[in-house]
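Spelled out from the first residue to the last, the chains are:
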Number of protein chains: 2
Amino acid sequence: MRVYNFAAGPSTLPECVLEKAQKEFLDFAGTGMSVTEISHRDKAYESVVKGAEALTRELLGVPDDYAVIFVQGGASTQFAAVPLNLMHGGKADYIVTGNFAKKAWQEGKLYGEAVKIGDSSDKVYTYIPDVDKLDYTDGADYVHITSNNTIFGSRYSKLPKCKAPLVADMSSEIFSREINVSDFGVIYAGAQKNLAPAGVTIVIAKRSLIQEPLAICPTMLRWKVQDENGSLYNTPPAFSIYMAKLVLENLKEKGGVKAIQQVNEYKAKLLYDFIDNSKLYKNNILPEFRSIMNVPFVTGSEELDAKFVAEAKKAGLVSLKGHRLVGGMRASIYNAMPVDGVKALIEFMKKFETENK
Amino acid sequence: MRVYNFAAGPSTLPECVLEKAQKEFLDFAGTGMSVTEISHRDKAYESVVKGAEALTRELLGVPDDYAVIFVQGGASTQFAAVPLNLMHGGKADYIVTGNFAKKAWQEGKLYGEAVKIGDSSDKVYTYIPDVDKLDYTDGADYVHITSNNTIFGSRYSKLPKCKAPLVADMSSEIFSREINVSDFGVIYAGAQKNLAPAGVTIVIAKRSLIQEPLAICPTMLRWKVQDENGSLYNTPPAFSIYMAKLVLENLKEKGGVKAIQQVNEYKAKLLYDFIDNSKLYKNNILPEFRSIMNVPFVTGSEELDAKFVAEAKKAGLVSLKGHRLVGGMRASIYNAMPVDGVKALIEFMKKFETENK
């Protein structure tokens, strides 16, 4: 029986997409081959990469002067690729609002002066610093943010207005709410939350910014090279890109990003309202900065938290354990989580609260 | 109808493996989730990574003091990872026996003195230089070879005996013939030939060699970091590793590397004998260095080559077009290509020769 999977990534995918992939798993597009076997130079496969790119451009409204590429290694590899492609002047600003933001900043320090201009660790990353009051570095090559913090469950409610290009790790929220791509120099995201199975990372970059990577940048991390080769410089993660295309087709059928944003906001409101009105559960993020993708909550008792996670699993609500840095529970309610999944979670939470008064 | 797929990679996979993956695609190990959805921290998934590692160790006889890790980015990313992990003294030797060997050498030059000590481009890479007569550089950090050349269809018949650790790109032949892992400092291979769908790369490295990557090495390219985290430093390419485990289980059932080597040698002999005895087809590699994985051949007429490829496709023998650097045809006959596939190819070649005298 299919469960409701609240994992932070890899995470739930649309059931109809999984069914389609299963159905054609041994015979992709009538080729007599699995999509896992076909050459990436085959016309039938090239249309997958081109299709995934075209859907990304359409659904996010990516301007023509931006590259859209599919690469490997996860957002963690992009933590290095960002400075290696952009840090010409040797310094960049970082706003540290969570675990991955911190890792990106630390990686930046390998390649130059990575200046931490904001940091919300003083209150366990429960808020986002006021971006209008930060001291941006003159001549910085870029300003790096993590737009949604998977582990702590916060997100930016407004963007930094800075002279330097804004670079955003959007791994845990890309395609979940409308954005204006022109506000950013570079957007990158590991796919395994809203886009596809793990193994592919999307990078959207203004072409004028990426023409001269640092000399020490590995060829495979050069966005320009990947762009010039249409994401086929070497063998791509073919299956993950294929799945991304199916997911994006499904998102388009559902009405696109604007429509899914409404659903996401509805799901998040249901859950936050319930938490705020309950006596047992608590979410610590300042309401303005609450993520609509990742919703951590605690009971205040580690023992009760553990019991919650175990009993929820028995009830078919899985992967609700919070990250070890936060403890408690976390419900990741990405695009593919049905409203019914959130409702089932709330019903379970009610029942658990009653039983554990 | 299932075709015989002679693609160089991504390439054919065992049909029974595909069927198993298809069957459990929506419900992995009774979890109620697809293996593409499950958290990489879930116990059910951790056993996949550990299982793939254990099977690799068993099937290749990997000594305990070697790391076995699964990473992303293909062999092309390892072209940079090799110097970034090993080039402490600032110089290394490269033997250039094909296109990817050349790319590895060029990437090495980004990070130090990459000395080309052998080069078979004078005869279009149709042979391997005599490794006993090369002028190895004193104090080199390593000697890099590409053990099997996918595009040109050659392979080493003996290994360099050098003081420096031997580093081998085995992408297109790993698990196809017996090796002694202790002969190497590092072995790496993109999975999409003999191991799994594209998206995962295996690295086998002597631990004593990989303790201090260069300071500029991206964290994700540090083999030590990946080893210490059991390939789970960040989200791994979960589906490709899952498929690798299934393929390795299948290989073990078939009798392991020794048994598949016999089959591979038999398949290759069938095809080379036929080519050598035909009047139409020609393979240009010196017999001693002929690959048992990739078999290029030409008719001598570009027009006839194109006709061959087109008609073969109609007959269910696909992806036989040679690489653009070589032209003609190429039959990649990896572990998963059945003997019947090679026989069907030979029958087609006979018929085509008769019809095109």
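Before reading further, recall that the structure is shown in the block above.
Residues numbered from 1 in each chain as written. Chains lettered and ligands numbered in written order. Predicted model: local features only at pLDDT ≥ 70, side-chain atom pairs only at ≥ 80, totals over all residues. Heavy atoms only, no water.

1. As for the packing of helix α7 (residues 256-277) of chain A against helix α9 (residues 339-355) of chain A
Residue and element names in this part refer to chain A.
- Close contact between α7 and α9 brings their axes to 10 Å; oriented N to C, the two are set at 5°. As summarised for this structure, α7 and α9 are arranged roughly parallel, according to the angle between their axes. Each of Val263, Tyr266, Lys267, Leu270, Leu271, Phe274 and Ile275 in α7 lies in contact with α9, whose residues at this interface are Val339, Val342, Lys343, Leu345, Ile346, Met349, Lys350 and Glu353. (Axes fitted to C-alpha atoms, helices over the stretch in contact; angles between N-to-C directions. Helix = DSSP H or I, 4+ residues; strand = E, 2+ residues; numbered from the N terminus. Parallel < 35°, antiparallel > 145°, perpendicular 65-115°, else oblique. Contact = heavy atoms within 4.5 Å.)

2. Considerations on the relation of the copies chain B and chain A
- Structural alignment of chain B on chain A gives an RMSD of 0.0 Å, achieved by rotating through 180° and translating 0.0 Å along the axis. Such values leave the two copies arranged in the relation of a two-fold axis.
- Comparing interface residues between copies, 100% of those in chain B also sit at the interface in chain A, which points to an isologous, same-surface contact. (Least-squares fit on C-alpha atoms with pLDDT ≥ 70 in both.)

3. Some words on the pattern of salt bridges
- Considering all chains together, one arrives at 36 salt bridges over all chains under this definition.
- Its salt-bridge partner being Lys20(B), residue Glu24(B) comes within 3.7 Å of it at the nearest N-O pair.
- You can call Glu24(B) buried: its relative accessible area is 18%.
- Overlapping salt bridges, with partners in common, bring together Asp130(A), Asp132(A), Lys133(A) and Lys158(A) in one network. (Salt bridge = Lys/Arg side-chain N within 4 Å of Asp/Glu carboxyl O. Buried < 20%, exposed > 50% of the residue type's maximum accessible area, 1.4 Å probe, protein only.)

4. Here we look at the interface of chain B and chain A
- Counting from both sides, the interface comprises 61 residues of chain B and, opposite them, 61 residues of chain A.
- For the pair chain B and chain A, the two sides together bury roughly 4,400 Å², of which 57% comes from carbon and sulfur.
- Taken as a group, Gln22(B), Leu26(B) and Glu37(B) account for 15% of the area that chain B buries against chain A, more than any other trio of residues on that side.
- The tally of links from chain B across to chain A stands at two salt bridges.
- Across the salt bridge formed by Arg2(A) and Glu37(B), the nearest N and O atoms sit 2.7 Å from each other.
- Between the two partners, chain B and chain A, sit 23 residue pairs in polar contact (both at pLDDT 80 or more).
- Contributions of two or more residues to the side of chain B that touches chain A are made by α1 (15-23), α3 (74-86), α4 (99-108) and α6 (238-253) of chain B.
- Here the residues of the side of chain B that touches chain A are counted per class, giving 30 nonpolar, 22 polar and nine charged. (Buried area = accessible area lost by both parts, 1.4 Å probe. Polar contact = N/O pair within 3.5 Å; in protein donor to acceptor, adjacent residues only side chain to side chain. Nonpolar A, V, L, I, M, F, W, Y, C, P; charged D, E, K, R; others polar.)

5. Quick notes on the pairing of strand β10 (residues 201-206) of chain B
All names here are of chain B.
- Extensive coverage of β10 is indicated by the burial of five of its six residues.
- Note: strand β2 (residues 66-71) against β10, six bridges, orientation antiparallel. From the neighbouring strand, Tyr66 faces β10, where its bridge partner is Lys206.
- As paired elements, strand β9 (residues 186-190) and β10 share five bridges and run antiparallel to each other. Bridging from a neighbouring strand, Ile187 pairs with Ile204 of β10. (Pairing = 2+ DSSP bridges.)

6. What about the environment of Ala215(A)?
- Residue placement: Ala215(A) occurs in the loop between β10 (201-206) and α5 (223-228).
- When its relative accessible area of 60% is taken as the criterion, Ala215(A) is described as exposed.
- Here Ala215(A) is in contact with Arg222(A) and Leu110(B), once residues within four sequence places are set aside.

7. Remarks on helix α8 (residues 302-314) of chain A
All names here are of chain A.
- Between its first and last C-alpha atoms α8 spans 19 Å; for 13 residues at 1.5 Å apiece the expected length is 18 Å, and the two agree.
- Among all positions in α8, only Leu304, Asp305, Phe308, Val309 and Ala312 are buried. The arc that holds every buried residue of α8, seen down its axis, measures 140°, which confines them to one face. Exposed positions of α8 whose direction lies more than 90 degrees from the buried face are Glu303, Lys313 and Lys314.
- Where the residues of α8 are buried, they touch β11 (294-297), β12 (317-318), β13 (329-332) and α9.
- A positive backbone phi angle near 85° is found at Gly316, which sits one or two residues after α8. (Expected span 1.5 Å × (residues − 1). Arc of directions from axis to C-beta.)

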